[in-house]
Amino acid sequence: MNAAPTDLQANRNFAVLSVIIMLMGATFLALLIPALNQARLGLADRLATAGQQATAGQQTAGTEAQADYQLAAWLNPNNHQVQLMLARQQLAAGQSDAALKHLGRAGSSRDVARLKLQTYIELGQTTAAAEAATELAQAPGTPPSDLLLACLAYATAARPGDCTPLTARVSDSEALQRMQRAQVGKIPLAAELYATGLLKSSNAILAKEPTSFERNLLLGRINYQLHTAAALETAHDYLTEAVQLDPSSIAAHQLLTAVAKDTGRATEASNQENLASKLIAGRP
């Protein structure tokens, strides 16, 4: 007859013990979480530093740096600088869509605006690029390099006339000459995009142009810089045609030599190297 009260007391004791354990666990987690967050942020900072070191060391195509920045961004998505550096690596690797996504988390600095404009150009989003160019060019103290980039965006959007007021603001002679070349025609525009590191947009313009020595040589340069197996074969095709179109071009023979070496064409590489040497020496 006394069993029921005993069971009730036991249940109460168990409930009290459970509450005590839960409170202790919550207290422990409350103490632990700040330490875990601190460790997470510290690891993110170390990975970001490793990414910077890998970039400075120019390690294999930026793959190691990109991996470091990717992990750092995952651990600390609120670090604007890491998001920017990751986007820069992705843009250089041809991952323009991914770069734009991370730029959306990188804040609103001039560096972000500049890289976002480059990304729009590479994606072929000419309207967005022109709008971003206007915003970048209107910022106070805009350097000549940014005015040049804005001019390239206008030219790719078929708005070369918008470059004219920008040229009046440029005192740097080299930047001014490049802005003027970008307005002359498609191949000069593609050459300026290539010189700015915008390979994808340069390639897209050249692909629509008829075959010529200048076009093929530049396409050869672009594909050689990409340096994948497929790109090297494509570079070989363009450069083989380029040296046929202009057998006197030392640059074309030298680049074809490098491509032939990298694709295992030893005999062809030797022949092209000899031709380049003769041209340099002024011999037929």
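All of the points below concern the structure found in this document. The structure presented is a predicted model; accordingly, all values stated were derived computationally and were not measured.

**Some words on the packing of helix 12 (residues 213-226) against helix 14 (residues 250-262)**
Then, number 1: Two elements in contact, helix 12 and helix 14, have axes whose closest approach is 11 Å; the angle formed by their N-to-C orientations is 35 degrees. Relative to helix 14, the crossing made by helix 12 is left-handed. Taking contact as the criterion, the partners of Phe-213, Leu-217, Gly-220, Arg-221 and Tyr-224 in helix 12 are, on helix 14, Ala-251, Ala-252, Leu-255, Ala-258, Val-259 and Asp-262.
Then, number 2: Partitioning the contact of helix 12 with helix 14 into residue classes produces 8 nonpolar, 1 polar and 2 charged.

**A look at the pattern of salt bridges**
Then, number 1: Scanning all chains against the criterion turns up 9 salt bridges.
Then, number 2: Between Glu-233 and Arg-265 there is a salt bridge, with its nearest N and O atoms 3.0 Å apart. Remark: Arg-265 occurs in the loop between helix 14 and helix 15 (266-281) and Glu-233 occurs in helix 13 (residues 229-245); sequence separation between them is 32 residues.
Then, number 3: For Glu-233, a relative accessible area of 33% translates into the label partly exposed.
Then, number 4: For Arg-265, a relative accessible area of 24% gives the class partly exposed.

**So, the state of the cysteines**
Then, number 1: Tallying each qualifying case throughout the model produces 1 disulfide.
Then, number 2: Shown here is the disulfide that connects Cys-151 with Cys-163, its sulfur atoms set 2.2 Å apart. Sign of the S-S torsion, about 110 degrees for the bond between Cys-151 and Cys-163, identifies this disulfide as right-handed. Placement of the pair is Cys-151 in helix 7 (residues 144-156) and Cys-163 in the loop between helix 7 and helix 8 (164-167), with a sequence separation of 12 residues. One exposure class covers both Cys-151 and Cys-163, and it is buried.

The rules we used
- Residues numbered from 1 in each chain as written.
- Predicted model: local features only at pLDDT ≥ 70, side-chain atom pairs only at ≥ 80, totals over all residues.
- Heavy atoms only, no water.
- Axes fitted to C-alpha atoms, helices over the stretch in contact; angles between N-to-C directions.
- Helix = DSSP H or I, 4+ residues; strand = E, 2+ residues; numbered from the N terminus.
- Left-handed = near helix turned anticlockwise from the far one by under 90°.
- Contact = heavy atoms within 4.5 Å.
- Nonpolar A, V, L, I, M, F, W, Y, C, P; charged D, E, K, R; others polar.
- Salt bridge = Lys/Arg side-chain N within 4 Å of Asp/Glu carboxyl O.
- Buried < 20%, exposed > 50% of the residue type's maximum accessible area, 1.4 Å probe, protein only.
- Disulfide = S-S within 2.5 Å.

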